[in-house]
Amino acid sequence: MQIAHSVRRGKTVRQEIIATLGRLDVLQASGQLESLMRGGLRYCEKIKVMDAHAAGETQPVAISKIGPDLVFGRLWKSMGFEEIVRDLAGKSRHTFALERAVYLTVLHRLFASGSDRAAEAWKESYRIPGAEELSLHQLYRAMGWLGGEIGPGVLGSPRCTKDLIEESLFDRGRDLFSEVGLVFFDTTSIYFEGAGGKTLGRHGHSKDHRPDLHQMIVGIALDVEGRPICCEMWPGNTADAKSLVPVVERMRAKFRVREMCVVADRGFVSEATLLALGKMEPPVHYVIGARMRRTREVGEVVLKSRKEWQTVTAERVHAKDPAPLKVKEVEVEDRRYVVCLNEEERRKDAHDRAAILESLGKALERGDKSLVGNKGFRRFLKTEKGSRFAIDEKLVALDERYDGLFVLRTDTDHDAETVANVYKTLWMVEDTFRTAKSILETRPIYHKCDETIRGHVFCSFLALCLKRELELRLGQKGLAAEWAEVIRGLDNLQQVEVILQGSRFLLRGEIKGHASQAVRAAEVALPPVLQELA
């Protein structure tokens with residue numbers, strides 16, 4: 001048995017023997033090896049403390065989770081959030097750490113979400129420097145400060161403190177050579193428990209399928225890398241088609257963006273909107289989804305075009321291959337359309353319809369009139385004599401026309417393939433909203449004042465900014481990590497303060513899941529496994 005250590009010489013590493021202890025079997029049989037190891041432990045303070053802690057011989061003083069602040073605290077600072085909020089907060093007369101209150105709320109959105117009341121209780125288990133003494137009413141005041149009015153805005157939404165933060169963040173991430181060419185925009189509805197503020201809470205088309213509750217409309221703009229640029233909030237009865245132009249006007253005025261192409265979904269198409277975009281100086285170009293079933297020109301002219309398909313992406317060979325895509329360009333007077341076909345979606349649509357028709361046929365045989373309440377069934381039904389329901393073959397044939405198709409309208413000079421790929425990137429925005437609603441759980445909101453509601457939603461926007469930044473850094477370093485596993489691993493990273501023989505120590509737990517990739521992406525060092533406190 002020998003003691004050795006590694007020595008680097010040039011590009012090679014060699015082992016050098018420090019000492020020879022003797023034959024292993026003799027050392028083990030005589031008990032000398034155990035005595036030797038025990039004697040050496042007297043000089044290994046860290047091992048002694050860790051062994052004592054594992055044996056339950058230490059006195060725990062405090063346990064705190066350090067993972068959330070370790071990674072996102074670094075991102076919060078490196079992205080400029082800390083400096084921006086502190087500079088703006090310095091102009092107010094708050095007597096508490098306002099920047100820490102905002103940071104706490106944003107961090108809470110990423111890991112647990114819920115109300116500000118829940119955030120106050122949540123922080124007790126976490127190490128968040130500077131947030132230890134924050135109380136609930138201070139969190140409310142921070143939300144009110146973020147959403148507080150500072151001037152007139154757009155479409156009934158006033159200019160607020162949160163707008164200053166967005167504009168400062170945009171300026172920090174932009175250099176002399178960067179330009180926002182593509183802006184992806186979408187909206188969603190968020191419902192309230194209660195009236196929902198003085199002006200924001202209104203009844204409108206609910207994307208949450210809760211038309212019985214008051215709601216607000218939230219619009220968000222992303223750049224081509226998926227980074228959130230800004231968010232806007234309007235009363236719940238604001239139509240999508242009315243929300244696009246004000247956001248574009250704000251980006252032009254406040255973000256100093258001139259050349260812009262807006263990418264948006266079907267709900268934003270109206271002739272008035274497209275005309276307004278074209279009249280801007282310089283004109284704002286667009287790639288917008290067209291309503292296939294509700295727009296007569298699309299259904300009767302564009303989709304009936306006999307032009308040949310151009311294959312952009314062939315059928316998949318492997319599951320991770322990109323989805324198949326065919327395109328063709330159709331012009332109607334001065335209006336340009338791009339028709340897109342996904343063969344996989346076409347087969348899926350046909351299969352789903354066949355399953356619906358089979359179930360519908362069986363239900364009709366039973367004479368079940370209640371099936372008319374099923375939207376999936378109702379679109380294929382007709383009423384015959386005697387108020388009887390039957391399958392309408394004309395409606396079935398009409399539905400087949402749309403299998404696997406989506407139609408885009410654009411005024412750009414990009415080729416059809418580029419237009420289709422740009423629009424597909426819009427799904428990144430939709431995924432952002434799913435994140436905001438499912439992971440961050442912005443909804444439901446219990447605040448009753450417009451300014452605190454705006455502040456509450458804006459904290460979710462800031463959380464999305466941190467999330468996207470971490471995802472981009474992971475990609476840049478070639479690190480694969482699932483978001484849920486990153487959050488789980490960071491949330492389970494603990495630090496324990498213990499007392500052993502009158503001395504105080506900090507013990508760090510093991511990092512698990514994909515949290516280690518997040519630590520590497522954020523370029524932050526893990527605390528030592530053991531450190532003695534003064």
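The following paragraphs examine the structure supplied in this document. Note that the structure is predicted; figures quoted are calculated from it, not measured.

### What about the overall build of the chain?
The secondary structure content of the chain amounts to 20 helices and 19 strands. Every one of the 534 residues in the chain was classed for burial, and the buried ones make up 47%. Considering only contacts in the chain between residues 6 or more positions apart, those separated by 24 or more positions represent 65%. For the chain, the computed accessible surface area is about 28,000 Å², with 50% contributed by carbon and sulfur atoms.

### Considerations on helix 11 (residues 271-279)
For helix 11, the full list of buried residues reads T273, L274 and L277. Down the axis of helix 11, the buried set is contained in an arc of 95°. They therefore lie on one face. Seen from the open side of helix 11, the exposed residues pointing more than 90 degrees away from its buried face are A272 and K279.

### Some details on a nonpolar patch on the surface
A surface patch of nonpolar side chains, about 350 Å² in accessible area, is lined by M1, L24, L36 and M37. Note that L24 resides in helix 1 (residues 24-30).

### Quick word on the packing of aromatic side chains
For the structure on display, the rule yields seven aromatic pairs. Between the aromatic rings of W76 and F81, the centroid separation amounts to 4.8 Å while the plane-to-plane angle is 15°, which identifies the pairing as stacked. Here the two residues W76 and F81 agree in accessibility, since each one is buried. Geometrically, the ring pair formed by F406 and Y423 is stacked, given 5.9 Å between the ring centres and 25° between the ring planes. In this pair, F406 sits in strand 16 (residues 405-410) while Y423 sits in helix 16 (residues 416-424), placing the two residues 17 residues apart along the sequence.

### Considering the packing of helix 9 (residues 161-172) against helix 18 (residues 450-476)
Between two packed helices, both the angle of their axes relative to each other and the distance between the axes serve to describe the pair. Interaxial distance between helix 9 and helix 18 falls to 11 Å at its minimum, and their mutual angle equals 15°. Comparing the axis directions of helix 9 and helix 18 gives the class roughly parallel. The chirality of how helix 9 crosses helix 18 is left-handed. Residues K162, I165, E166 and L169 of helix 9 pack against F458, F461 and L462 of helix 18. Split into classes, the residues belonging to the contact of helix 9 with helix 18 amount to five nonpolar, no polar and two charged.

### Observations regarding the pattern of salt bridges
Working definition: two side chains of opposite charge can pair if their charged atoms are close together. With the rule as written, the count across this model stands at 32 salt bridges. A salt bridge links R100 to E99, with the shortest nitrogen-to-oxygen separation between them at 2.9 Å. Taken as a pair, R100 and E99 share a single burial class, namely buried. Between D334 and R335 there is a salt bridge, and its shortest N-O distance comes to 3.6 Å. Taking relative accessible area as the criterion, R335 reaches 18% and is therefore assigned buried. Counted as one network, the salt bridges with shared partners bring together E82, R86, E99 and R100.

### Quick word on the nonpolar core
Ranked by size, the top nonpolar core spans 68 residues in total, and within it F72 and L470 carry the most contacts. Among the elements that make up this core, the one with the highest residue count is helix 18 (12 residues). Apart from the residues lying within four places of it in its own chain, the contact partners of F72 are Y103, L107, L110, F111, L466, L470, W483, I487 and L490. Grouped together as the second largest cluster of nonpolar side chains are 23 residues, A221, W234, V247 and M251 included.

### Things to note about the packing of helix 4 (residues 67-78) against helix 5 (residues 81-89)
Where helix 4 meets helix 5, the closest approach of the two axes is 4 Å, and the angle between their N-to-C directions is 60°. Looking at the two axes, helix 4 sits oblique to helix 5. The residues of helix 5 that touch helix 4, namely those facing L75, W76 and K77, are F81, E82 and V85. Across the contact of helix 4 with helix 5, the residue classes break down as four nonpolar, no polar and two charged.

### Quick notes on unusual backbone geometry
Despite not being glycine, E333 has its phi angle at roughly 55°, a positive value. Structurally, E333 is set in the loop between strand 12 (325-332) and strand 13 (335-341). You can call E333 exposed: its relative accessible area is 67%. The phi torsion at E523 lies on the positive side, around 55°, for a residue other than glycine. On the secondary structure map, E523 appears in the loop between helix 20 (515-522) and strand 19 (530-532). Judged by relative accessible area, which is 54%, E523 ranks as exposed.

### A look at the sheet that holds strand 16
Pairing is mixed across the open sheet formed by nine strands, whose spatial order is 8-7-6-9-10-16-13-12-11. Sheet topology places strand 8 (228-235) and strand 11 (310-313) at the edges, where each strand pairs with a single neighbour. Direction aside, neighbouring strands of the sheet carry axes that sit 25° apart on average. In terms of strand pairing, strand 12 meets strand 13 through seven bridges, oriented antiparallel. Residue pairing for strand 13: V327 is matched across the bridge by C340. Helix-sheet contacts for helix 16 involve strand 6 (182-191), strand 9 (261-264), strand 10 (285-289), strand 11, strand 12, strand 13 and strand 16, and the interaxial angle to strand 12 is about 110°.

### Description of helix 13 (residues 343-365)
For helix 13, built from 23 residues, the straight-helix expectation of 33 Å at 1.5 Å per residue is met to within 8% by its first-to-last C-alpha distance of 33 Å. Turning to helix 13, its buried residues are E343, R353, L360 and A363. Between the side-chain oxygen at the start of helix 13 and the backbone nitrogen of E344 there is a gap of 2.9 Å, and the oxygen is on N342.

What counts as what
Residue indices follow the written sequence of each chain, beginning from 1 at its first position. Only residues with pLDDT of at least 70 are given local features in this predicted model, and only at 80 or more are side-chain atom pairs given and counted; all residues enter the totals for whole chains, interfaces and linings. The side-chain quantities take in all heavy atoms of the structure and omit both hydrogens and water. Helix and strand labels come from DSSP, where a helix needs a run of H or I of at least four residues and a strand needs a run of E of at least two; each type is numbered from the N terminus. Each residue is placed in one exposure class: buried if its accessible area under a 1.4 Å probe, protein chains only, is under 20% of its type's maximum, exposed if it is over 50%, and partly exposed if it falls in between. We call two residues in contact whenever any of their non-hydrogen atoms come within 4.5 Å of each other. What sets the accessible areas is the Shrake-Rupley method with a 1.4 Å probe; for residues, cover comes only from the shown protein chains. What the arc measures is the spread of directions leading from the helix axis to the C-beta atoms. Here a patch means residues that are over 30% exposed by relative accessible area and free of salt bridges, tied together within 9 Å if like-charged and within 5 Å if nonpolar (Val, Leu, Ile, Met, Phe, Trp, Tyr). In the sections that follow, a salt bridge refers to a side-chain nitrogen of Lys or Arg positioned within 4 Å of a carboxyl oxygen of Asp or Glu. Working definition: rings of Phe, Tyr and Trp (its six-membered ring) pair if their centres are within 6.5 Å, and the pair is stacked with planes under 30 degrees apart, edge-to-face with planes over 60 apart, and tilted otherwise. Every angle, taken between N-to-C directions, lies between 0 and 180 degrees, and every axis is a line fitted to C-alpha atoms, over only the stretch in contact when it is a helix. For classification, angles of less than 35 degrees are called roughly parallel, those exceeding 145 degrees roughly antiparallel, those between 65 and 115 degrees roughly perpendicular, and all remaining angles oblique. When the near helix sits turned anticlockwise from the far one by under a right angle, the crossing is termed left-handed; a clockwise turn instead gives a right-handed crossing. Just so you know the grouping, Ala, Val, Leu, Ile, Met, Phe, Trp, Tyr, Cys and Pro go in nonpolar, Asp, Glu, Lys and Arg go in charged, and all remaining residues, Gly too, go in polar. Here the nonpolar core consists of buried residues drawn from Ala, Val, Leu, Ile, Met, Phe, Trp, Tyr and Cys, with membership extended through side-chain atoms lying within 4.5 Å. Here, strands pair whenever DSSP counts at least two bridges between them. Multiply 1.5 Å by the residue count of a helix minus one, and that product is the helix's expected span. Pairing of N or O atoms within 3.5 Å defines a polar contact, subject to two protein rules: one partner must be a possible hydrogen donor and the other a possible acceptor, and residues neighboring in sequence count only if both atoms are side-chain atoms.

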